[in-house]
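Take a look at the letters that make up each chain.
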Amino acid sequence: MAKIKAIRGMNDILPEQTPLWQYLEESTRSILSSYGYSEIRTPIVESTDLFCRSIGEVTDIVEKEMYTFDDRNGESLTLRPEGTASCVRACEEHGLIFNQVQRLWYTGPMFRYERPQKGRYRQFHQIGVETFGMVGPDIDTELLLLTARLWKKLGIDHAVTLQLNTLGSSEARAYYRDQLVAYLTDHVDQLDEDSKRRLTTNPLRILDSKNPQVQALLEGAPDFHACLDDESLKHFDQLKRNLESLGIPYEVNPRLVRGLDYYGRTVFEWVTDKLGAQGTVCAGGRYDGLVEQLGGRATPAVGFAMGAERLILLLEAEGSLPDRLKRQTDIFIAALGDAAEQKALSLAENLRDLVSWRLTLDCSGGSFKSKMKKADRSGARVALILGDSELEQGVVALKPLRTQDEQELVPFDKIAAVLSAEHRYFKE
Ligand code: ATP
Ligand code: MG
């Protein structure tokens, strides 16, 4: 019978890869917690309306990327394509927004029907942050500081740069939209099909077209920033000054508009040139209008989402990983014979109480030689060997696997002390 395979664009994350994922998740979690952020977990499925109303009807996501289906009751449901809408929905539903300040984060799978390629999948993972109730550029700055801190911790700070823009107020955007449409309508013959369509549906999105001909045409377009409102420009100037004084380099990109409708004022992307076309590893911005748009009271909000798969790719290529990630275990216990195997179980339990090294007890039988091969493959740095003669003497043979040190016999009650003291065994 033919074997069933995973759905295209939806990846298994195999045991070899999960240490890297855990490292990314733990690093992020510890940094977010050090800034006072709390985790929120929401369902993977929501009412389709939630995404249509928040992300925008004429965006790539809603037009062509959503996994939407009717449940058995005929209600239209959608696998979440992003986390912000769900987070706002949950916070509103549980009264976490009105008159409060929130600093939240989440992580989990997102679903978009896109063409799978390196760094672009149909199920992918985001780690996202959303804040509510803070209006000033200081919170925008904080989000950029904590992401910069994460890049440093992961050792990928040299590989990413920050792109920054402001989209102004919704009135300013509407005013600019008219000017842009007037200009592009005069040159409509130079637009590609996608841009022609957007000219009537979502003209600002034309600004981030990747088509060189459209890009060239945009060189002559009216200046976005010249149309922006003073308040937004002031906010933007303060954000830039904050970043300068804190030593976070950035580049202003007036073409950066982002793919979702709910953004206004600050938008940003952390990009890398190491991953080809899928170069944005983290993207976000301010969405002061969204809470109201979803039925709540007007609330300032700003957040971002990182693409975990892209960060993992970058981490593998450019990052600095702790040594322990390269090995499955630290100590490998090999016992030979029934009595020794039985003793090994209790010895291992006892050691787990006393030392923090990872400890693997071989339970797969086989010869001494095959056990030593397994010990080597596991990446362990020390093997503890227990056979009939060791058992009789009340010792284990401690064999350093990665250093030139001699094998030594250690009495049962001294093993923990030796393993704690002899850190040289555990060096690379
Ligand atoms: P892109 O321009 O690459 O399509 P986007 O603007 O659609 O990205 P957002 O909705 O802002 O992306 O999502 C935030 C981050 O999530 C992206 O910067 C990226 O790192 C990641 N991401 C988005 N879509 C995918 C996908 N299909 N596969 C893997 N990662 C993704
Ligand atoms: Mg996209």
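(A) How the structure looks around the site of ligand 1. The full set close to ligand 1 counts 15 residues, and Arg112, Glu114, Arg120, Arg258 and Thr280 are the nearest of them. Between ligand 1 and the protein, one listed contact pairs an oxygen atom with a side-chain N or O atom of glutamine 126 at 3.0 Å. One of the side-chain nitrogen or oxygen atoms of arginine 310 is found 3.1 Å away from an oxygen atom of ligand 1. When the free accessible area of ligand 1 is taken as 580 Å², the share hidden by the protein chains comes to 87%. Breaking the shell around ligand 1 down by element, the ones donating at least two residues are strand 6 (123-132), strand 10 (280-286) and strand 11 (301-307). Per-element tally for the shell around ligand 1: the top contributor is strand 10, with 3 residues. When its residues are assigned to classes, the shell around ligand 1 shows 6 nonpolar, 4 polar and 5 charged.

(B) Molecular detail of helix 1 (residues 18-34). Its 17 residues give helix 1 an end-to-end C-alpha distance of 24 Å, which sits within 8% of 24 Å, the value for a rise of 1.5 Å per residue. Every buried residue of helix 1 is listed here: Leu20, Trp21, Tyr23, Leu24, Ser27, Thr28, Ile31 and Leu32. Down the axis of helix 1, the buried side of the element spans an arc of 160 degrees, and every buried residue falls inside it. Where helix 1 is buried, its residues contact strand 5 (102-111), strand 6, helix 5 (137-154), strand 11 and helix 11 (308-318).

(C) Spotlight on helix 9 (residues 230-245). Between the first and last C-alpha of helix 9 there are 22 Å, a value that for 16 residues agrees with the 22 Å anticipated at 1.5 Å per step. Taken as a whole, helix 9 has its buried residues at Ser232, His235, Phe236, Leu239, Lys240, Asn242 and Leu243. Down the axis, helix 9 shows its buried residues gathered within 160 degrees of arc, on one side only. Residues of helix 9 that are exposed and point over 90 degrees away from its buried face: Asp230, Lys234, Glu244 and Ser245. Its buried side turned inward, helix 9 meets helix 5, strand 7 (161-166), strand 8 (251-252), strand 9 (266-271) and strand 10. Remark: glycine 247 follows helix 9 within two positions and exhibits a positive phi of approximately 70 degrees.

(D) Just the sheet that holds strand 3 (residues 67-70), in detail. Within the open sheet, the 3 strands sit side by side as 2-4-3. Their pairing is antiparallel. In this open sheet, the two edge strands, each paired with only one partner strand, are strand 2 (45-47) and strand 3. This sheet shows a mean twist of 35 degrees between the axes of neighbouring strands, independent of strand direction. Sheet analysis places strand 2 next to strand 4 (residues 76-79), joined by 3 bridges and oriented antiparallel. Across the sheet, residue glutamate 46 finds its bridge partner in strand 4, namely threonine 78. Packed on one face of the sheet, helix 2 (residues 48-55) meets strand 2, strand 3 and strand 4 and runs near 75 degrees to strand 2.

(E) Main features of the domain arrangement of the chain. Entries for the chain in the domain assignment read domain 1 (18-169 + 228-318) and domain 2 (328-426). Summarising the inter-unit geometry, the C-alpha centres of domain 1 and domain 2 are found 47 Å apart.

(F) Focus on a negative patch on the surface. Together, Asp338, Glu341, Asp388 and Glu392 make up a negatively charged patch on the protein surface. Topologically, glutamate 392 is positioned in helix 14 (residues 388-393). Given the relative accessible area of 75%, glutamate 392 is considered exposed.

(G) Spotlight on the packing of helix 5 against helix 9. Look at helix 5 against helix 9: their axes get within 9 Å of each other, and the N-to-C directions meet at 40 degrees. Taken together, the axis directions place helix 5 and helix 9 in an arrangement best described as oblique. Note that helix 5 runs across helix 9; the crossing there is right-handed. Residues Pro137, Asp138, Asp140, Thr141 and Leu144 of helix 5 lie in contact with helix 9, whose contacting residues are His235, Gln238, Leu239, Asn242 and Leu243. A class-by-class count of the residues in the contact of helix 5 with helix 9 yields 4 nonpolar, 4 polar and 2 charged.

(H) Spatial organisation of the pattern of salt bridges. Throughout the structure, instances matching the rule amount to 26 salt bridges. With its nearest N and O atoms 2.9 Å apart, the salt bridge here joins aspartate 288 to arginine 286. Judged by its relative accessible area of 26%, aspartate 288 is partly exposed. Here aspartate 362 and lysine 371 are joined by a salt bridge, their closest N and O atoms 2.8 Å apart. When sorted by exposure, aspartate 362 lands in the same class as lysine 371, which is buried. A single network of salt bridges, built from pairs that share partners, joins Glu46, Arg89 and Glu93.

(I) Structural detail: the nonpolar core. Phe132, Leu180, Leu184, Leu207 and Tyr287 are the most contacted members of the largest nonpolar core, which totals 50 residues. Setting aside anything within four residues of it in sequence, one finds leucine 207 in contact with Tyr176, Leu180, Gln215, Leu218, Phe224, Pro254, Arg255 and Val257. Grouped together as the second largest cluster of nonpolar side chains are 41 residues, Val129, Met134, Trp151 and Met306 included.

(J) Quick look at a nonpolar patch on the surface. A surface patch of nonpolar side chains, about 210 Å² in accessible area, is lined by Ile44, Val45 and Phe69. Take isoleucine 44: its relative accessible area is 33%, and that puts it in the partly exposed class.

Reading the values: the criteria
- Residues numbered from 1 in each chain as written.
- Chains lettered and ligands numbered in written order.
- Predicted model: local features only at pLDDT ≥ 70, side-chain atom pairs only at ≥ 80, totals over all residues.
- Heavy atoms only, no water.
- Near = heavy atom within 4 Å.
- Polar contact = N/O pair within 3.5 Å; in protein donor to acceptor, adjacent residues only side chain to side chain.
- Areas by Shrake-Rupley, 256 points an atom, 1.4 Å probe, with all protein chains shown as cover.
- Helix = DSSP H or I, 4+ residues; strand = E, 2+ residues; numbered from the N terminus.
- Nonpolar A, V, L, I, M, F, W, Y, C, P; charged D, E, K, R; others polar.
- Expected span 1.5 Å × (residues − 1).
- Buried < 20%, exposed > 50% of the residue type's maximum accessible area, 1.4 Å probe, protein only.
- Arc of directions from axis to C-beta.
- Contact = heavy atoms within 4.5 Å.
- Pairing = 2+ DSSP bridges.
- Axes fitted to C-alpha atoms, helices over the stretch in contact; angles between N-to-C directions.
- Domains from an automatic or database assignment.
- Patch = residues over 30% accessible without salt bridge, like charges linked within 9 Å, V, L, I, M, F, W, Y side chains within 5 Å.
- Salt bridge = Lys/Arg side-chain N within 4 Å of Asp/Glu carboxyl O.
- Lys, Arg positive; Asp, Glu negative; His and termini not counted.
- Charge placed at Lys NZ, Arg CZ, Asp CG, Glu CD.
- Parallel < 35°, antiparallel > 145°, perpendicular 65-115°, else oblique.
- Left-handed = near helix turned anticlockwise from the far one by under 90°.
- Core = buried A, V, L, I, M, F, W, Y, C linked by side-chain atoms within 4.5 Å.

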